[in-house]
Amino acid sequence: MKKLLFALLFIPLIGMAQDQKLPEHFSCLEYFMGNWKSETTGKAGKGIGKQSFTTEMNGRYITLNVETKFDPSEKYPEGELHIDKGYISFDGFRKKIIYRQFNIEGYVNQFVLDNSKEGVFVFETEAIENVPKGFRARITFEIVDENTFKEGFELAAPGKDYSGCIYNTWKRIK
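The rules we used
- Residues numbered from 1 in each chain as written.
- Predicted model: local features only at pLDDT ≥ 70, side-chain atom pairs only at ≥ 80, totals over all residues.
- Heavy atoms only, no water.
- Phe/Tyr/Trp six-rings, centres within 6.5 Å; stacked < 30°, edge-to-face > 60°.
- Helix = DSSP H or I, 4+ residues; strand = E, 2+ residues; numbered from the N terminus.
- Buried < 20%, exposed > 50% of the residue type's maximum accessible area, 1.4 Å probe, protein only.
- Lys NZ or Arg CZ within 6 Å of the ring centre and 35° of its normal.
- Core = buried A, V, L, I, M, F, W, Y, C linked by side-chain atoms within 4.5 Å.
- Contact = heavy atoms within 4.5 Å.
- Pairing = 2+ DSSP bridges.
- Axes fitted to C-alpha atoms, helices over the stretch in contact; angles between N-to-C directions.
- Salt bridge = Lys/Arg side-chain N within 4 Å of Asp/Glu carboxyl O.

With that out of the way, let us pick up the packing of aromatic side chains. Counted according to the given criterion, the structure contains 16 aromatic pairs. With a centroid separation of 6.4 Å and an interplanar angle of 75°, the aromatic rings of Phe53 and Phe149 are classed as edge-to-face. Of this pair, Phe53 sits in strand S2 (residues 47-56) while Phe149 sits in strand S9 (residues 148-156), and the two are 96 residues apart along the sequence. Given a relative accessible area of 3%, Phe53 falls into the buried group. Their ring planes at 75° and their centres at 5.6 Å tell us that Tyr99 and Phe123 sit as a pair that is edge-to-face. With Tyr99 in strand S5 (residues 96-103) and Phe123 in strand S7 (residues 120-129), the pair connects residues that are 24 residues apart, well separated along the chain. For the pair Tyr99 and Phe123, a shared accessibility class is recorded, and that class is buried. Here the guanidinium or amino end of Arg136 rests over the ring plane of Tyr162, the centre of that ring lying 4.7 Å away.

Okay, structure coming up:
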């Protein structure tokens, strides 16, 4: 009897926990939904990462959870762990997709999806917290195939061009 009562109460909750279909304004990001693993290279060295794209609050937001473990280096003999959490929203007044990224190092980036074409998504900062004025950042996602995309994170000092910082090749986890 207890098992039947548990099943009747719990099974409907499982269905409610499933991700919902993305709203139309996020349809261009449908490809990225789910779990990913990466090989990473960049200024911090080589590493491996994991990332997830999920929806929250009735599909109003896309949440990104990213964790990258870099190999040991002279500066970080134990290896370096980078964590960031992001929220993608839609600004209905500007008709723009906004990505807010919170990094373990204390940086907060607010990107706007701009300059995109089919299969290539370019997010450029419109605001950054905890860095000197004038710095810019850019994230580019480029779809390679149905289960692979490349990501580049670039920085630009005031008055300078962008230079590469971190590059990931993400593979879908099935």
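A few words now on the nonpolar core. Ranked by internal contacts, the top residues of the largest apolar core, which has 27 residues, are Phe53, Ile62 and Phe123. For this core, the elements supplying multiple residues, two or more each, are strand S3 (61-70), S5, strand S6 (108-117), S7, strand S8 (136-145), S9 and strand S10 (163-172). At 4 residues, the largest contribution of residues to this core is made by S3. The residues contacting Phe53, other than those within four sequence positions of it, are Phe32, Met33, Gly34, Trp36, Ile62, Thr63, Leu64, Phe141 and Phe149.

Okay, unusual backbone geometry next. Although it is not a glycine, Asn58 adopts a positive phi angle of roughly 60°. Along the chain, Asn58 falls in the loop between S2 and S3. Even without being a glycine, Asn130 presents a positive backbone phi close to 70°. For Asn130, a relative accessible area of 58% gives the class exposed.

Attention now moves to the sheet that holds S8. Pairing within the closed barrel is antiparallel, and its 10 strands lie in the order S1-S2-S3-S4-S5-S6-S7-S8-S9-S10. If you compare each strand with its neighbour and ignore which way they point, the axes differ by 25° on average.

Once that is clear, we can look at the pairing of S3. Across 10 bridges, S2 lies against S3 in antiparallel orientation. Residue pairing for S3: Glu56 is matched across the bridge by Tyr61. Inspection of the sheet shows S3 paired to strand S4 (residues 80-91) by 9 bridges, in the antiparallel sense. Across the sheet, the residue bridging to Thr68 is His82, located in S4.

With that settled, consider the pattern of salt bridges. Close approach of charged atoms lets side chains of opposite charge pair. Inspection of the entire model under this criterion finds 4 salt bridges. A salt bridge links Arg138 to Glu154; the nearest nitrogen and oxygen atoms lie 2.8 Å apart. Placement of the pair is Arg138 in strand S8 and Glu154 in strand S9, with a sequence separation of 16 residues. Counted as one network, the salt bridges with shared partners bring together Asp91, Arg94 and Glu126.

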